[in-house]
Amino acid sequence: MRVLATVGLLLVAVPATACPICMPLPRQTVADRLIGADVVAFGREDPSQPFSYAVTRVLKGQVADPHVELFADSTTRRQLVADEQRRVLLVKSEVGWQNLGVADEDYQQIVQRIVVFAPEWLGVNGPQKRLEYFVTLWNHENRAVFELAYLELGKAPYAAIRKFGAEIPVEELQPMLTRRDYFEWRSLAILMLAQRTDEVSQKLIAGTFENCARFSLTAHLAAWTTAYVEIHEIDGVDVIERAYLRNPKRTEEEIRSVLAALSLHGQLGDAGLRRRIVACYGSALEVHPRVADAIARDLTEWNEFSYIVEFKKIVKDSEPMFDKNGLLHLRNHIISADN
């Protein structure tokens, strides 16, 4: 196993807000479910009642009756029979018992550590400590452990992803970028790829973004756009404005995806880049008023009210095109400007 250093992470406090683009599916990780469960236990098939389970070890909470009335399917039973050390990971919450899958010895050790560390992770510095732990599991030789860690890293803020992404060799990202079974998880790998300074990685990002723009591709568009700005900065924003925000033929899905990328960069603190992003938001408001709610949310947060006339006109002329949340962002921006 290659253990990733966490020194860089220790220098930067991890805020609570996760990266909205980097977050892979599922949004609730195994660790989340372990932390939130009333009972965490390992079990095997109940010898007295086949096709169900019996608790063999309790890690958290209390179990009065070891029998668990969950169906043990044939695939799970074969896995348990093939290895006597394997256990089913069981959790109990207000919805009852749930089976989180078969755990081998490596995975069982990780589960035990999560249960032990969980109280500390709920503290003030908990998010940073939780992230630092899962960074050490990057590229673990046990694929189930690695996938657990990968999903956890996807919950990190983008500033933290930039830190640990820079330490990961591009060849270790290749499975996440190319394997079909990891397609839904690809955004995080794309954002980590953007931290690489080698020519091959940067050409891949530029070429993929250009293909997205040329062929109106939307798969992971927000991530590829974020990566494109990462390597081209203000020049990249210029390209995005011309290719998307000033193009009336672009779909709302495309525009919202590129806006999500610009929003992420606008939040990072580079004043020059944010000014350029705010300027190109004007193009989006003029050509794609349906996305005004997303722009209003950002500009309110950044205390930027240069488009208040445009927002008032959009609300007056196009109110029916927005849902309740969208209208809330628009009206909040107008009220904030007046104050």
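This is a predicted model, so every value here is computed, not measured.

Participant: What is the right way to read the packing of helix H8 (residues 170–178) against helix H9 (residues 186–193) from this model?
Facilitator: A packed helix pair is summarised by two numbers, namely the angle formed by the two axes and the spacing between the axes. Between H8 and H9, whose axes approach to 8 Å, the crossing angle comes to 150°. Classified by the interaxial angle, the pair formed by H8 and H9 is roughly antiparallel. Crossing hand, H8 versus H9: left-handed. On H9, the residues touching Val170, Leu173, Met176, Leu177 and Thr178 of H8 are Arg186, Ala189, Ile190, Met192 and Leu193. Of the residues belonging to the contact of H8 with H9, the class tally is eight nonpolar, one polar and one charged.

Participant: Where do I start with the state of the cysteines in this structure?
Facilitator: Throughout this description, disulfide means a covalent bond between two cysteine sulfur atoms. According to the stated counting rule, one finds one disulfide in the structure shown. Note that Cys19 is cross-linked by a disulfide to Cys22, the S-S spacing being 2.1 Å. On the sign convention where negative means left-handed, the S-S torsion of about 70° between Cys19 and Cys22 marks this disulfide as right-handed. Exposure remark for Cys22: the relative accessible area of 0% places this residue in the buried category.

Participant: I would appreciate a short explanation of the environment of Asp83 in the present structure.
Facilitator: With respect to the helices and strands, the residue Asp83 is situated in the loop between helix H3 (74–82) and strand E4 (87–93). For Asp83, a relative accessible area of 25% corresponds to the partly exposed category.

Participant: Sorry, what's going on with the nonpolar core here?
Facilitator: Here is a general trend for soluble globular proteins: nonpolar side chains tend to be buried in one another's company. Counting residues in each nonpolar core, the largest one holds 98 residues, and the members touching the most others are Phe134, Ile161, Leu262, Tyr281 and Phe311. Per-element tally for this core: the top contributor is helix H11 (residues 221–245), with 13 residues. Contacts of Phe134, omitting those with residues within four sequence positions, involve Ala31, Ile114, Trp121, Leu148, Ala149, Glu152 and Leu153. Counting residues in each nonpolar core, the second largest holds 10 residues, with Val68, Val88, Leu90 and Trp97 among its members.

Participant: Help me understand the side chain of His265, please; the structure alone is not making it clear to me.
Facilitator: When you line up the elements, His265 lands in helix H12 (residues 252–266). Given a relative accessible area of 2%, His265 falls into the buried group. Residues within four places of His265 in sequence aside, it is in contact with Tyr158, Thr226, Val229, Glu230, Leu273 and Ile277.

Participant: Would you take a moment to explain the packing of helix H13 (residues 271–287) against helix H14 (residues 292–301) for this structure?
Facilitator: Taken N-terminus to C-terminus, the directions of H13 and H14 make an angle of 155°; their axes are 10 Å apart at the nearest point. By the criterion of interaxial angle, the relationship of H13 to H14 is roughly antiparallel. Of the two possible hands of crossing, H13 and H14 adopt the one that is left-handed. For the pair formed by H13 and H14, the contact residues are Val278, Tyr281, Ala284 and Leu285 on the first element and Ala292, Ile295, Asp298 and Leu299 on the second. Split into classes, the residues belonging to the contact of H13 with H14 amount to seven nonpolar, no polar and one charged.

Participant: Would you mind showing me how to read the sheet that holds strand E1 (residues 39–45) here?
Facilitator: The strands making up a sheet associate through backbone hydrogen bonding, with each pair oriented either parallel or antiparallel. The five strands lie next to each other as E3-E2-E1-E4-E5, forming an open sheet whose pairing is antiparallel. At either margin of the open sheet sits one strand with a lone partner, and together these are strand E3 (67–68) and strand E5 (96–103). Both E4 and E5 contribute to a ladder of six bridges, which runs antiparallel. Looking across to E5, one finds that Lys92 is bridged to Trp97. Along the sheet, H3 makes contact with E1, strand E2 (53–60), E4 and E5, crossing E1 at roughly 80°.

Calculation criteria
- Residues numbered from 1 in each chain as written.
- Predicted model: local features only at pLDDT ≥ 70, side-chain atom pairs only at ≥ 80, totals over all residues.
- Heavy atoms only, no water.
- Axes fitted to C-alpha atoms, helices over the stretch in contact; angles between N-to-C directions.
- Helix = DSSP H or I, 4+ residues; strand = E, 2+ residues; numbered from the N terminus.
- Parallel < 35°, antiparallel > 145°, perpendicular 65-115°, else oblique.
- Left-handed = near helix turned anticlockwise from the far one by under 90°.
- Contact = heavy atoms within 4.5 Å.
- Nonpolar A, V, L, I, M, F, W, Y, C, P; charged D, E, K, R; others polar.
- Disulfide = S-S within 2.5 Å.
- Buried < 20%, exposed > 50% of the residue type's maximum accessible area, 1.4 Å probe, protein only.
- Core = buried A, V, L, I, M, F, W, Y, C linked by side-chain atoms within 4.5 Å.
- Pairing = 2+ DSSP bridges.

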